[in-house]
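Topology and contacts: notes
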Amino acid sequence: MNIIIFGKGGREHALAARFALENRVSKVFVYPGNPGMKLTDKVEVLNHFNEAEIFTFVKNEKLEFGIIGPEDYMASGFADKIRELGLKLVSPTKVAAQLESSKI
């Protein structure tokens, strides 16, 4: 199983580390990630991609599912765009994320 985690902070680092321990996980991709996330050969940091390139990557790779960490990826609609590519995603939609991101 190949998965992708979106984000670059501690939450995403912990998720990548945990998924990398699973025998059924072949590869964990992290976008944009950070150099400290390269824990094993199972974890690949995609910090050299821009947003357009990550959409192409998601569309072309054989990914089982993705996880969005940062709130701004949810509130901006980034998660919705990823979901439109057919990836199963652990993340609320842009509309649902407004419950947390909007202070109005």
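Here, every reference points to the structure presented above.
Rules used throughout
- Residues numbered from 1 in each chain as written.
- Predicted model: local features only at pLDDT ≥ 70, side-chain atom pairs only at ≥ 80, totals over all residues.
- Heavy atoms only, no water.
- Pairing = 2+ DSSP bridges.
- Helix = DSSP H or I, 4+ residues; strand = E, 2+ residues; numbered from the N terminus.
- Axes fitted to C-alpha atoms, helices over the stretch in contact; angles between N-to-C directions.
- Contact = heavy atoms within 4.5 Å.
- Buried < 20%, exposed > 50% of the residue type's maximum accessible area, 1.4 Å probe, protein only.
- Arc of directions from axis to C-beta.
- Polar contact = N/O pair within 3.5 Å; in protein donor to acceptor, adjacent residues only side chain to side chain.
- Right-handed = clockwise from strand over helix to strand, strands pointing away.

Taken together, the 5 strands give an open sheet; going across it, the order is E3-E2-E1-E4-E5, and neighbouring strands pair in parallel fashion. Bordering the open sheet on either side are strand E3 (43-45) and strand E5 (88-90), each of which pairs with just one other strand. With strand direction ignored, the average angle separating the axes of adjacent strands in the sheet is 20°. Contacts from helix H1 (residues 10-21) reach strand E1 (2-7), strand E2 (27-32), E3 and strand E4 (65-68), with the element oriented near 170° to E1. Against the sheet, helix H2 (residues 51-60) contacts E1 and E2, and its axis sits at roughly 160° relative to E1.

Most peptide bonds adopt trans geometry, and most residues besides glycine take a negative phi value. Cis geometry marks the peptide bond from Tyr-31 to Pro-32; its omega dihedral reads -10°. Looking at the element boundaries, Pro-32 is found in strand E2.

Buried within H2 we find Ile-54, Phe-55, Phe-57 and Val-58. All buried residues of H2 project into a common sector of 160° when viewed along the axis, lining one side. Pointing more than 90 degrees away from the buried face of H2 are the exposed residues Ala-52, Lys-59 and Asn-60. Two or three places before Ala-52, at the start of H2, stands the capping residue Asn-50, its side-chain oxygen 3.0 Å from that residue's backbone nitrogen.

Mapping Asn-2 onto the fold places it in strand E1. Residue classification places Asn-2 among the buried positions, given a relative accessible area of 19%. C-alpha of Asn-2 to C-alpha of Pro-70: the two residues are 68 residues apart in sequence and 20 Å apart in space. Sequence-distant contacts of Asn-2, that is, excluding residues within four places in its chain, are made with Ser-26, Lys-27, Phe-29, Lys-62, Leu-63, Glu-64 and Phe-65. Polar contacts involving the side chain of Asn-2 include one to the main-chain amide nitrogen of Lys-27, which spans 3.2 Å. Of note is the side chain of Asn-2, whose polar atom sits 3.3 Å from the backbone oxygen of Lys-62.

Here the focus is the pairing of E2. With 5 of 6 residues buried, E2 is to be regarded as a mostly interior element. For E1 and E2, the ladder comprises 6 bridges, and the chain directions are parallel. Looking at E2, one finds that Ile-4 is bridged to Phe-29. In this fold, E1 hands off to H1, which returns the chain to E2; that crossover is right-handed. Note: E2 against E3, 3 bridges, orientation parallel. Bridging from a neighbouring strand, Val-30 pairs with Val-45 of E3.

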